[in-house]
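Coordinates in review
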Amino acid sequence: MLSLRELQLSFTTAVLDGSSTAISPWIRADGLSPTARVNIYRNNFHEGFLKALALGFPVIQRLVGEDYFRQLGRLFVAEHPSRAGNLHHIGCAFAGFLRDQFAATPYSYLLEIAELEWAYQECLIAADAVPLDLTPLQSVAPERLADLRFEVHPACRMVSSEFPIVRILCQSGGSGRHRTHRPAPRRGSRAAATEK
Amino acid sequence: MGTYSLNPRALSAHAHGGAAPAGSQAGIGLRARHHREILQRRPPLGWLEAHSENYFAQGGPQRDILLQIREHYALSLHGVGLSIGSTDPLDRTHLCELARLIRDFDPMLVSEHLSWSSAGGRFLNDLLPLPYTEEALTHLVARVREVQETLTRQILIENVSSYLQFNASTLTEWDFIAALAQESGCGVLLDVNNIYVSAMNHGFDPHTYLNAIPRDSVQEIHLAGHTLNRVGSREIRIDTHGSQVSEPVWALYRTALRRFGHVPTLIEWDTDIPALDVLVAEAAKADLIAEAARAVAA
């Protein structure tokens with residue numbers, strides 16, 4: 001008899017790795033093969049994952065097209081399965097994955113776009129904070145100015161890019177959810193600051 | 001049982017000062033695309049149910065808008081990612097996020113699923129079926145207790161749709177969930193659509209299921225749509241939560257009301273999410289059916 005632990009590990013292998021050999025003997029066929037039954041879950045899993053990934057990276061999906069995005073997503077999840085019950089985190093490794101796929105190709109700008117979209121996602125769930133009021137700075141004695149320390153707003157990320165990624169993003173119709181607070185940087189400029 | 005005393009039927013909608021107690025009218029699942037419209041129009045709904053994980057955030061716009069919505073509607077939190085049936089250790093980070101959400105939003109009900117979604121640290125982020133064995137029951141009772149002790153409140157456990165059965169099962173799903181409720185003190189969130197889907201897929205009578213669930217354990221009912229698919233030579237119903245409630249499921253809902261009395265009822269719609277009015281109309285239909293059931297009982 002398979003323990004609950006063994007059953008869950010075998011089922012996970014079947015869904016993620018596509019091998020249902022270990023789990024099949026423990027599933028009732030009942031008019032439909034165990035493999036076909038596992039494939040229903042395998043399909044649900046991929047659809048759910050791809051949908052969540054596309055929600056996080058709408059610009060990448062638009063740039064590469066839906067079909068190719070699905071292919072990329074399937075490769076990505078095989079290498080970087082979700083590690084939490086909360087799907088917010090699945091995109092964390094996506095830019096690195098795209099680097100492995102596209103570094104030194106004409107498509108290497110995609111990984112920078114992915115970094116920007118991941119930064120957006122992080123900003124969307126970052127802590128709230130009141131933006132700095134600059135007025136009190138007027139009353140700081142000049143000799144104390146060197147002692148001032150500023151903290152970056154929690155919902156602020158810096159993304160350095162070789163490519164004009166903000167311009168690419170705007171030309172592709174934007175991400176739809178966000179505002180960017182910088183003019184589109186020139187190629188070679190180092191900053192595309194984003195905040196919510 | 002008895003350690004946790006939250007009974008939604010006794011709660012009033014303390015947030016919006018409405019005359020009706022929270023949950024006396026049907027509610028709908030809250031989806032991001034309806035956030036603004038709900039705030040602007042404030043449709044007449046009993047309450048709203050949010051997917052807990054969607055609001056796991058330190059701050060930001062989603063959380064902010066839920067706080068605004070909370071000022072006008074009672075809220076329940078419905079988790080999809082705790083993986084309560086998994087043999088991996090419970091994810092304490094996930095549980096802490098949930099505890100924080102409960103603290104900040106004061107939900108009338110908190111629920112999770114009779115399922116698992118991870119093993120060996122890999123998450124499938126889906127509601128996967130359990131084998132209904134004594135081993136699994138013992139495990140689930142301990143896990144539900146652990147969650148309830150951490151959250152210091154009762155949770156509801158919802159039955160899921162399934163597309164396979166394990167031949168190790170020695171219990172039926174209905175006996176399993178009834179025993180889980182009894183031994184852990186959790187409540188039951190009865191998804192009438194899921195019962196129907198599983199009944200058709202596995203060939204059991206859904207009424208047998210309803211009749212096995214203790215009357216006082218059911219604290220919430222879910223209604224949703226499903227699709228009929230052909231897989232090989234078999235018809236399989238898939239729980240898409242992506243269409244209107246089907247007629248056989250409405251009929252089963254009427255039967256459930258006769259057995260369980262008036263239970264807060266929710267319309268769930270997760271894929272191909274329609275206009276808000278479609279959901280409000282489904283909720284109104286549930287209200288009509290519940291009123292008719294009450295009139296018969298009176």
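Before reading on, note that the structure itself is shown above.
Because the structure is a prediction, the values reported are computed rather than measured. (Residues numbered from 1 in each chain as written. Chains lettered and ligands numbered in written order. Predicted model: local features only at pLDDT ≥ 70, side-chain atom pairs only at ≥ 80, totals over all residues. Heavy atoms only, no water.)

1. Here we look at the overall build of chain B
Counting its secondary structure elements, chain B contains nine helices and 12 strands. Computed over the C-alpha atoms, the radius of gyration of chain B is 18 Å, within 12% of the 19 Å expected from 2.2 N^0.38 for a compact globule of 298 residues. Its C-alpha atoms give chain B principal-axis dimensions of roughly 50 × 45 × 40 Å. Here chain B holds 298 residues, and 60% of them are scored as buried. If you sum the accessible surface of chain B, you get close to 11,100 Å²; carbon and sulfur atoms cover 51% of it. Side-chain charges in chain B split into 24 positive and 34 negative, and the spacing between the mean points of these groups amounts to 3 Å. (Helix = DSSP H or I, 4+ residues; strand = E, 2+ residues; numbered from the N terminus. Rg over C-alpha atoms; globule rule 2.2 N^0.38 Å. Buried < 20%, exposed > 50% of the residue type's maximum accessible area, 1.4 Å probe, protein only. Areas by Shrake-Rupley, 256 points an atom, 1.4 Å probe, with all protein chains shown as cover. Lys, Arg positive; Asp, Glu negative; His and termini not counted. Charge placed at Lys NZ, Arg CZ, Asp CG, Glu CD.)

2. Details of the nonpolar core
Grouped together as the largest cluster of nonpolar side chains are 131 residues, with contacts concentrated most on Phe94(A), Leu190(B) and Leu223(B). Beyond its immediate chain neighbours, meaning those up to four positions away, Phe94(A) contacts Leu53(A), Phe57(A), Ile60(A), Phe69(A), Phe76(A) and Ala114(A). (Core = buried A, V, L, I, M, F, W, Y, C linked by side-chain atoms within 4.5 Å. Contact = heavy atoms within 4.5 Å.)

3. Here's the deal with the environment of Leu180(B)
For Leu180(B), the location among the structural elements is in helix H5 (residues 173-184). Sequence separation between Leu180(B) and Val141(B) is 39 residues; the distance between their C-alpha atoms is 5.9 Å.

4. Focus on the packing of aromatic side chains
Residues and elements named next belong to chain A. Scanning the entire structure with this criterion turns up 18 aromatic pairs over all chains. Seen in terms of ring centroids, Phe-45 and Phe-49 are 6.3 Å apart; in terms of plane orientation they differ by 40 degrees. Their pairing is tilted. Placement of both Phe-45 and Phe-49 in helix H2 (residues 34-56) is noted, with a separation of four residues, approximately one turn of the helix. Taking the relative accessible area as the measure of exposure, Phe-45 reaches 3% and is therefore buried. With a centroid separation of 5.0 Å and 70 degrees between ring planes, the pair formed by Phe-76 and Phe-94 is classed as edge-to-face. (Phe/Tyr/Trp six-rings, centres within 6.5 Å; stacked < 30°, edge-to-face > 60°.)

5. Quick look at the sheet that holds strand E2 (residues 48-51) of chain B
Taken in spatial order, the eight strands line up as E1-E2-E3-E4-E7-E8-E9-E12 (chain B) and close into a barrel, and their pairing is parallel. Between one strand axis and the next, the sheet turns through 30 degrees on average, direction left out of account. (Pairing = 2+ DSSP bridges. Axes fitted to C-alpha atoms, helices over the stretch in contact; angles between N-to-C directions.)

6. Focus: the packing of helix H4 (residues 134-151) of chain B against H5(B)
Residues and elements named next belong to chain B. Relative to each other, H4 and H5 sit at 45 degrees, their axes nearing to 9 Å. Considered as vectors, H4 and H5 are oriented oblique to each other. You can see that H4 and H5 cross each other, and the crossing is right-handed. Here Ala-136, Leu-137, Leu-140, Val-141, Val-144, Arg-145 and Gln-148 of H4 come into contact with H5, specifically with Phe-176, Ala-179, Leu-180, Glu-183 and Ser-184. (Parallel < 35°, antiparallel > 145°, perpendicular 65-115°, else oblique. Left-handed = near helix turned anticlockwise from the far one by under 90°.)

7. As for unusual backbone geometry
Most peptide bonds adopt trans geometry, and most residues besides glycine take a negative phi value. Residues and elements named next belong to chain B. Here the phi dihedral of Asp-106 falls at roughly 45 degrees; this positive angle occurs in a residue that is not glycine. On the secondary structure map, Asp-106 appears in the loop between helix H3 (92-105) and strand E4 (109-113). Even without being glycine, Asp-272 reaches a positive phi, approximately 45 degrees. Within the secondary structure, Asp-272 is located in the loop between strand E12 (265-267) and helix H9 (276-297). According to the relative accessible area criterion, Asp-272 is exposed, its value standing at 67%.

8. A short note on the state of the cysteines
Residues and elements named next belong to chain A. Applying the stated rule across the entire model yields zero disulfides over all chains. Of the cysteine sulfurs around Cys-123, a residue in no disulfide, the closest is that of Cys-156, at 6.5 Å. On the basis of relative accessibility, which here comes to 2%, the residue Cys-123 falls in the buried class. (Disulfide = S-S within 2.5 Å.)

9. Focus: the pattern of salt bridges
Here the structure, examined in full by the defined rule, presents 14 salt bridges over all chains. Here Arg99(A) and Glu115(A) are joined by a salt bridge, their closest N and O atoms 3.0 Å apart. Linking Arg99(A) in helix H5 (residues 94-102) with Glu115(A) in helix H6 (residues 109-124), this pair joins segments that are 16 residues apart in sequence. Since its relative accessible area comes to 37%, Arg99(A) is described here as partly exposed. On the basis of relative accessible area, Glu115(A) is assigned to the partly exposed category, the value being 24%. Linking Arg41(B) and Asp277(B) is a salt bridge whose minimum nitrogen-to-oxygen distance equals 2.7 Å. Here Asp277(B) lies in helix H9 and Arg41(B) lies in helix H1 (residues 35-41), a separation of 236 residues in the sequence. Judged by its relative accessible area of 40%, Arg41(B) is partly exposed. On the basis of relative accessibility, which here comes to 45%, the residue Asp277(B) falls in the partly exposed class. (Salt bridge = Lys/Arg side-chain N within 4 Å of Asp/Glu carboxyl O.)

10. So, helix H6 (residues 192-202) of chain B
All names here are of chain B. Of all the 11 residues making up H6, 10 are buried; the element is thus mostly covered by neighbouring parts of the structure. Listed in full, the buried residues belonging to H6 are Val-192, Asn-193, Asn-194, Ile-195, Tyr-196, Val-197, Ser-198, Ala-199, Asn-201 and His-202. On its buried face, H6 sits against strand E7 (156-158), strand E8 (187-191), helix H7 (206-212), strand E9 (218-223), strand E11 (234-238) and helix H8 (247-260). Between the side-chain oxygen at the start of H6 and the backbone nitrogen of Asn-193 there is a gap of 3.0 Å, and the oxygen is on Asp-191. At the exit of H6 stands Gly-203, carrying a positive phi of roughly 75 degrees. (Polar contact = N/O pair within 3.5 Å; in protein donor to acceptor, adjacent residues only side chain to side chain.)

11. Side note on the interface of chain A and chain B
Contact with chain A, which involves 43 residues of that partner, is made by 50 residues of chain B. Summing both sides of the interface, chain A and chain B together bury roughly 3,900 Å²; the carbon and sulfur share of this comes to 57%. Summed over the three residues of chain A that lose the most area to chain B, namely Leu4(A), Arg28(A) and Tyr41(A), the buried surface amounts to 18% of that side. Joining chain A to chain B, the criterion identifies two salt bridges. Measuring nitrogen to oxygen at the nearest pair gives 2.6 Å for the salt bridge that ties Arg5(A) to Asp88(B). Inspection of the chain A/chain B interface yields 21 residue pairs in polar contact (both at pLDDT 80 or more). Sorting the residues of the side of chain A that touches chain B by element identifies helix H1 (4-17) and H2 of chain A as the ones contributing at least two each. (Buried area = accessible area lost by both parts, 1.4 Å probe.)

By themselves, these observations are geometric and do not establish any function.
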